Amino acid sequence: MTPSPTKITRGISGARWHLASCDESAVRTLHEETGEERILLRCLLNRGLSHATEIKKFLSPEFLTDLHSPSLLRDMPLAVARLREAMAKRQKILIVTDFDVDGTTSSVILSQTLKLLGGGDLTECYIPNRFTEGYGLSKQIVEKAAQEGFSLIVTADIGIKSHAEAKLAREFGIDLIICDHHLPDGEDVPADAFAVLCPKGSSGVGYPNKHLAACGVSLKLAQALLEGTPRRDAIVSSLAKLTAIGTVADMVDLSVSENRAIVSHGLKGLSQPSANPGLRALLKLSNVGNPITPFDVGFKIGPRINAAGRVAHANTVLKLFSAASEEEANLLAFQLEEMNSKRQHIQSVLVEKLKLLLEHKESLDRVLVFSGTEEEGFHRGVLGIACSKIVEMTGRPTLICSLENGLAHGSARSISGFHIVEALDSASQVLVKYGGHPMAAGFTVESGKIEEMRWRLNHHAAEVLREEDLGRTLTADAELELCEATIATIKSLARLEPHGVGNPQPLFLMRRLPLRSAQVLKDKHLKLQIGREKTQLEALWWNAVEHQSKLVIGKEISLMCRLEINSWNNRESCQLKVVDVAVE
């Protein structure tokens, strides 16, 4: 739906406010056809769902039913036959993956599947070191595999742009199977690979879901390999737990039926007792709720898994999920916890430094570029997270580089409507290498060419982005009256879950609410009491203490907010999670 401005143009945070336009006649028709609540139907219409049948499917994901056939990936029969041949002939198999959550969960999914099929002793997992080897399948890894007698390399979350490495593998007599999802528009898969499993490009022409994460592709390979084996469905169902973690953490589209089915089913599995000591230890240390939600994955489980590759080595994650005892699992989970604490500190220092740099700028470029050495706080392991924080603050595409030995290794995050890889294409002449998604990328540039890269990116942005495209924008799904903010409404909206990219948690506009009190919590948050005598609600505004002076008790305010259930002493109440406030 096309967003329209509200009468309030901006909140006190500086974000622009919009209200999604909605065809009320369509809401009435769908209500008659489905019997669903009107507020739920408005949210569904805003997500592009306008027919009763697709709404029913969206609200009721079915795991095995909604999984597409693995054979729809062009090279799946080749990949399955080659892996079965390798196990039959006792040939060594090397699994090489990325060091993030999508990559590490893929590694576990593939290695566990091969182990179940009798290939455990033939299989080794390898994850490059972020700091000494960098991202992706390198020639050095291929050469090492050849020296150690591997006949087959299977990659996951990397490899789709590894044309030279695929050619080298073939020259060494090593067959390369690539499981990836990063293929840029207009490019095709490595011709020298034995098989490529990717939902995009020529290898994925017949595959309906173009938004699979790499762990999703790995699950499809596992599903195909397990064909004809006892308990196949039960094993695939169990592997969905790790696939759900990787899918949520990699921020792929959760409006797509297959991804919704994987995540919905996987989260249910994660909420049940696990037989895996490593998973049990990780969930316990992450202090997740029950049932486990995408929020738990994105902000508790995922960061702990990611921390290993960010500040040390991702092998710790593989060791955790293969831990044989509770004692070993707890030790490894605690190591991840320590790594995550270290990551949080490094990240916090860098973000505060970047905030100061922004405050001293008279004006901001369309595309923001920052660089510095690790000694100055620009640690390579946290650049992507820091980018996301700055994008959230400024509403502008952001690149951050860490300088080392004449090179700048960087991460980039973008905003809606600005394809960051296409932007990097415009600066390709000065880049050593780059790759990624429309919203996130990694790159390497010579330190002396950072300013030229900045100029080229901003020249490209001037042609693509309008001034009104920049800055934070909040678009409400609907306008709510205070009396509509109820437990029943929240439970109705919960059927939209799982939330994530493509299916965000609904955002609502609430106008002209009397502000009864504003209390500071832990020196940085605000707890607001709003409403009239008979109808009052508590509203929490995290990290907003800087705005306290703009709020006047007794005056009316408007909110951009989300609805949440607050459980306390076995009682449930509705509370508001404030995103922005406008003072009337």
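Provided above is the structure to which this section pertains.
Keep in mind it's a predicted model, so treat the numbers as computed, not measured. (Residues numbered from 1 in each chain as written. Predicted model: local features only at pLDDT ≥ 70, side-chain atom pairs only at ≥ 80, totals over all residues. Heavy atoms only, no water.)

### Focus on the overall build of the protein
Within the protein, the secondary structure is distributed over 19 helices and 19 strands. Here the C-alpha radius of gyration of the protein, 25 Å, is about what a compact globule of 584 residues would show, namely 25 Å. With the C-alpha coordinates aligned to their principal axes, the bounding extent of the protein is approximately 75 × 55 × 50 Å. Accessible surface computed for the protein: about 26100 Å², of which carbon and sulfur atoms make up 50%. (Helix = DSSP H or I, 4+ residues; strand = E, 2+ residues; numbered from the N terminus. Rg over C-alpha atoms; globule rule 2.2 N^0.38 Å. Areas by Shrake-Rupley, 256 points an atom, 1.4 Å probe, with all protein chains shown as cover.)

### A few points about unusual backbone geometry
The omega torsion of the bond from N290 to P291 falls at 5°, within 30 degrees of zero and hence cis. Along the chain, P291 falls in the loop between α12 (277–286) and α13 (294–311). E497 connects to P498 through a cis peptide bond whose omega is 5°. Looking at the secondary structure, you find P498 in the loop between α19 (487–493) and β15 (508–521). In this structure, D157 takes a positive phi of about 70° despite not being glycine. Mapped onto the fold, D157 is located in the loop between β5 (150–156) and α8 (163–171). Positive phi, normally seen in glycine, also occurs at R231, with a value near 60°. Structurally, R231 is set in the loop between α9 (214–225) and α10 (232–249).

### Brief notes about the pattern of salt bridges
Counted according to the given criterion, the structure contains 30 salt bridges. K300 is paired through a salt bridge with D296; the nearest N and O atoms lie 3.5 Å apart. Placement of the pair is K300 and D296 together in helix α13, with a separation of four residues, close to one helical turn. Among the residues examined, K300 registers a relative accessible area of 23% and is labelled partly exposed. Residue classification places D296 among the buried residues on the basis of a relative accessible area of 5%. Beyond isolated ion pairs, a larger network of salt bridges with shared partners links R82, E85, K89 and D175. (Salt bridge = Lys/Arg side-chain N within 4 Å of Asp/Glu carboxyl O. Buried < 20%, exposed > 50% of the residue type's maximum accessible area, 1.4 Å probe, protein only.)

### Focus: the pairing of strand β2 (residues 16–20)
Burial analysis of β2 places five of its five residues in the buried class, which makes it a mostly covered element. Side chains R16, H18 and A20 project from β2 onto one buried face, and the interleaved W17 and L19 project onto a second face that is buried too. Summarising the sheet, β2 and strand β13 (residues 473–476) pair through four bridges and their orientation is parallel. Note on β13: the bridge partner recorded for R16 is T473. (Pairing = 2+ DSSP bridges.)

### Re the packing of α10 against helix α11 (residues 257–270)
The geometry of α10 relative to α11 is characterised by a closest axis approach of 7 Å and an angle of 115° between their N-to-C directions. With respect to α11, the axis of α10 lies roughly perpendicular. Along this stretch, α10 crosses α11, giving a crossing that reads as left-handed. Residue-level contacts link S237, A240, K241, T243, A244, I245, T247 and V248 of α10 to I262, V263, H265, G266, L267, G269 and L270 of α11. Of the residues belonging to the contact of α10 with α11, the class tally is eight nonpolar, six polar and one charged. (Axes fitted to C-alpha atoms, helices over the stretch in contact; angles between N-to-C directions. Parallel < 35°, antiparallel > 145°, perpendicular 65-115°, else oblique. Left-handed = near helix turned anticlockwise from the far one by under 90°. Contact = heavy atoms within 4.5 Å. Nonpolar A, V, L, I, M, F, W, Y, C, P; charged D, E, K, R; others polar.)

### What to know about the environment of L470
Looking at the secondary structure, you find L470 in the loop between α18 (450–464) and β13. The class of L470 is buried, set by a relative accessible area of 3%. Considered as a pair, L470 and S411 are 59 residues apart in the sequence and their alpha carbons are 20 Å apart. Ignoring any residue separated from it by four or fewer positions in sequence, one finds L470 in contact with R16, R366, G395, R396, P397, I415 and L465.

### Describing α13
Quick reminder: α-helices carry 3.6 residues per turn. Residues three or four places apart thus point the same way. If you check α13, its first and last C-alpha atoms are 24 Å apart, about what 18 residues at 1.5 Å a residue would give, namely 26 Å. Within α13, the axis deviates most sharply at G302, by approximately 45°, and proline P303 lies no more than four positions further along. Burial of α13 is extensive: 14 of the 18 residues sit out of reach of the surface. (Expected span 1.5 Å × (residues − 1). Bend = angle between axes of the 7 residues up to and from the residue.)

### With respect to the state of the cysteines
The final tally for this structure, using the stated rule, is zero disulfides. The structure places no disulfide on C401, whose sulfur is separated from the nearest cysteine sulfur, that of C387, by 8.4 Å. Free cysteine: C483, not disulfide-bonded; nearest cysteine sulfur from C574 at 12 Å. Among the residues examined, C483 registers a relative accessible area of 59% and is labelled exposed. (Disulfide = S-S within 2.5 Å.)

### Focus: the sheet that holds strand β8 (residues 368–373)
One open sheet holds the five strands; their spatial order is β8-β9-β10-β12-β11, and the pairing between them is mixed. The open sheet terminates on both sides in strands that have one partner only, identified here as β8 and β11 (431–436). Pairwise comparison of adjacent strand axes, ignoring direction, gives a mean angle of 15° for this sheet. Strand direction decides the pairing type here: strand β9 (residues 398–404) and strand β10 (residues 407–413), joined by seven bridges, are antiparallel. When the sheet's bridge partners are listed, T398 is paired in β10 with R413. Along the sheet face, α18 touches β8, β9, β10, β11 and β12 (440–446) and points at about 165° away from the line of β8.

### Quick notes on the nonpolar core
Of all hydrophobic cores here, the largest spans 86 residues; its most connected members are L83, V154 and L221. Considering each element in turn, this core owes the most residues, ten residues, to helix α15 (residues 326–359). (Core = buried A, V, L, I, M, F, W, Y, C linked by side-chain atoms within 4.5 Å.)

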